[in-house]
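Residue-level structure breakdown
Here are the chains, one letter per residue:
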Amino acid sequence: QAIATENAYARSHPALRAAAASRPLVSGTVRSAAGKPLTGICVTAIVAGTFPTPQGQISFNGNWSTQTAASGRYSIPSFAGGKGDTIRIQFTDGCGNTGNYAPQYWRNAAIRHSATVLHQVTASSTFSGIDARLTRGAAVSGVVRGGTATGPGLAGVCVNASGRGDQSGIDLAAATGPGGRYKLVGLGTGPYQIWFATGCGVKGNYIGGRYGRVHVRTGGTATGVNGFLPPGATISGLVTSQVGGAPVAGICVTVSNPAGSTLTATTGKSGAYSIDRVTAGSYYAYFSGGCGNTGSYAPQFFDDQAAAGAAETVHVSTGGSATADAYLQPGGTLAGRVTNPAGKPLGNVCVSPVSQLEDDLAASAALGASSASEGSYNVLTTNRVGEYSDPNLAPGLYAVSFSPCSSDNSLGAAWFTGGASAPQWLSVNAGVVTNANVVLPRSGAISGTVTTASRRPVSGVCVLVYPAGQTALDSQQLVTSIGVSGDGITAKSGRYKLTGVAPGTYTVSFAACLTSRHYAPAWYKNKLAGQQPTPVTVRAGLTTGGIDAVVGAGKSVSGVIRSGISHRPVAGACVIALPGKFSLQSAVSDPFSLEAAQTGKSGRFTLHNLAPGSYAVVAGPCVSGPLADTVDSLEVPAGSAAARTPTLILPQAGSISGIVSAPAADGGGGAACVIAEPVSSHDVGPEVAAGYDGGYRLTNLAPGRYRIEFTSDCGNGTSQLAPVTVSSVTVASGRNTAVNGTLPVVGDISGTVTADGNPVPGECVAAFTSATASAPVATAITGTDGSYQIGFLAPGSYRVKFSTGCGDAGYATQWWNGTAAGSPSAADAVRVTVAAGAAVPAVNAALAK
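Residues numbered from 1 in each chain as written. Predicted model: local features only at pLDDT ≥ 70, side-chain atom pairs only at ≥ 80, totals over all residues. Heavy atoms only, no water.

Right, let's talk about empty space enclosed by the protein for a bit. One pass over the structure, following the stated rule, counts 2 cavities of 30 Å³ or more. By volume, the second largest cavity is sized at about 30 Å³. Lining the second largest cavity are Asn429, Val432, Val433, Thr434, Asn435, Ile781, Thr782, Gly783 and Ser787. With 3 residues, the single largest contributor to the lining of the second largest cavity is strand S33 (residues 433-435). Grouping the amino acids of the lining of the second largest cavity by side-chain chemistry returns 3 nonpolar, 6 polar and no charged. (1 Å grid on protein atoms, 1.4 Å probe; cavity = no way out; pocket = protein on both sides within 12 Å on 5 of 7 lines; lining within 4 Å. Points joined across faces, edges and corners; volume = space filled by probe spheres on them. Helix = DSSP H or I, 4+ residues; strand = E, 2+ residues; numbered from the N terminus. Nonpolar A, V, L, I, M, F, W, Y, C, P; charged D, E, K, R; others polar.)

Structural data, given as structure tokens:
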């Protein structure tokens, strides 16, 4: 696989391919002990080295592989190494040679630690004549049977040998032939772990088995290494459109256990499916459209549960069977048309709907300045006439982003806004098509030059743009972004040009990312660290030039970390400096602007390349322990003045633990999230995922008060459960505070919008928490029949607003006041109370001109 990948990469990069052929990093010839050239021998360069970054050297290890030709010759491409790297060359069977040759390292070393090391004196150093003469290897042979040790011999079983001890790094494989017999060759002297697996063509319902360790010697054969594949269990069922309804073909079925084992199947014409080779245990079964079905069906868990927290498990024993049927409910369909500002339909536009039910964290991912969010689970493209359709969606709220799929940067990315100025949640309803049309704006560009104070141009600086004034999708989430296009990096002249930027207002920052020189981050017009940079306006079809920056080396600040328990220095503690004030968002908003360090034995640390300004210094143990994290402020003065030397005291940690009553169990690793947000800015609150039993534990908490939020939207969770907040929890040193959470099921509001007795499609419907709220918590658009549904609403009271801008026009805005006639004022609106799991129907509107 490694060889195929590298060959494909070389083919797609002709210059690299030519360089590899004309000036390989390592080359040589492999022969047998008798001097015969050997074809099909695997040759691997095991490279260890460092890579320069603005924060220092980063260590790396990598393997580059090739194989010998008929002449026995090989070459490893010249782009594999770099200055200061060390290289060990490994020769093994497994690339097509039919002989039995022992693993070997250059020169004639049987184990890796005895290999002669090649040292790259310069980045252009090459090594020729790295030859090998291989001797006879060891072998393992035996028979693999099915079901039991006395069962029938199985052909097509994978036999894998993984070296241990001195043979670590040697991995070879074979497959059983007729009668289950096999012989695995090419081993060296030492221990190997042997196991048997399906996947090489074996027939029957079996799962993998483990043999154990075998010690072999070169030139010999370990015989009688026999094994058997245990019988697999089966999970099967029938999928229909409703109880007793028609079978549904083309439904994706996924069964997963908490250990991460996942198996899939697709329903046939009869609606039936069967999944074999299942290991004994408990599984979650998940049913979703998209594997060839017609129509639109909402995804669900066994047993007919839309919420993952209510999913039931399917239990199977070794060789046993279990049934998991599904009765699918109608799904939502998101569809629309994408055009340019002139109304021309746009094909090959990427449409990314992000469900609030699937992933709150993905939904808060930003619309980048030059591309849309990639955080969603489903990306589709528009056809030639600019249309798209995404069926089989779970009813609920979606944020939808649009961006050109091609390298054409003439158009910018856009969110669906529903006629508003900011991204809006869009309500996708069951059994109907929800339209989301969008006009992609003409893009603009940002250009400038980065120099030092002496006006020397600086190359390798990344230019990052952010929407100015972060916009909320809802009260819990901030839209942040990092938008770096392919040419958003300064050239030798120090110039850059960021293209494909959607019209809007942005802040611009500069950080050394592809240079070994050490520069502090900078912001447009050289604002101090922690201050809001001067905004830059981008207009459609125009380039905003002169967005320049001056970068410098910055300052180094040293400090000491001590234990609040023993008052002694703390070794191995982690320290991070973040521009501005610390928040749960600031640690990920601008990764190039943070500086990190680790304390030595004396508890001292040094943060380098700090620009003048304000920082939050976050310190804590690198691993969990009795000490807590803490935050302190740091001012780095401009000019020659030195910053103060901070001493950070890590307090004795407390903890919070408890049970979340309905953790999301989607069978794919999703679980409830518990977030502790400190009331005091000097504390640091972590975020953890609850286990499948709902238990959670937050450790390394500094003493103080915390706001605790329980939410089902963690990882891949798809639970229809509303978040719950505990406003104040006190944590004491060395003590645990128990806090449990119960997540209520969400509810919804639905109704119909008419005018003169006729349905009105394309009317915006929004739910607000109060008459003075600046943004709705959820939105919907009426379908062709005038109906709407605002889903995923936490229990509470809402005011409902009806307005144009989502496809219709000419109607007066009104608020629901208990009658379809409504009221023009939010103050006169009647609250709609949504209970847990309840649907509130008949919130209708009769529009007037």
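Its place among the elements puts glutamine 167 in the loop between strand S10 (158-163) and strand S11 (171-175). Polar contacts involving the side chain of glutamine 167 include one to the side chain of tyrosine 192, which spans 2.7 Å. Apart from residues lying up to four places away in sequence, glutamine 167 is in contact with Pro103, Ala110, Ile111, Gly188, Thr189, Gly190, Pro191 and Tyr192. (Polar contact = N/O pair within 3.5 Å; in protein donor to acceptor, adjacent residues only side chain to side chain. Contact = heavy atoms within 4.5 Å.)

Right, let's get into the nonpolar core. Counting residues in each nonpolar core, the largest one holds 28 residues, and the members touching the most others are Ile749, Tyr788, Ile790, Val800, Phe802 and Val843. The set of elements that each furnish at least two residues to this core consists of strand S30 (396-404), strand S59 (747-755), strand S61 (764-768), strand S62 (778-781), strand S63 (787-793), strand S64 (796-803) and strand S66 (832-834). Top element by residues in this core is S63. It accounts for 4 residues. Ranked by size, the runner-up nonpolar core spans 26 residues in total, among them Leu154, Val214, Val216 and Val225. (Core = buried A, V, L, I, M, F, W, Y, C linked by side-chain atoms within 4.5 Å. Buried < 20%, exposed > 50% of the residue type's maximum accessible area, 1.4 Å probe, protein only.)

Here the focus is the pattern of salt bridges. Inspection of the entire model under this criterion finds 2 salt bridges. Residue aspartate 632 pairs with arginine 644 through a salt bridge whose shortest N-O separation is 3.4 Å. Of this pair, aspartate 632 sits in strand S50 (residues 630-636) while arginine 644 is found in the loop between S50 and strand S51 (647-650), placing the two residues 12 residues apart along the sequence. Arginine 644 gets classed as partly exposed once you look at its relative accessible area, which sits at 40%. (Salt bridge = Lys/Arg side-chain N within 4 Å of Asp/Glu carboxyl O.)

This part is about the sheet that holds strand S14 (residues 209-216). Across the sheet, 4 strands lie side by side as S11-S10-S13-S14; this open sheet has antiparallel pairing. A single partner strand is all that each edge strand has here, and the edge strands are S11 and S14. The average angle at which neighbouring strand axes cross in this sheet is 20 degrees, direction not considered. (Pairing = 2+ DSSP bridges. Axes fitted to C-alpha atoms, helices over the stretch in contact; angles between N-to-C directions.)

Worth remembering: the numbers are spatial, not functional.
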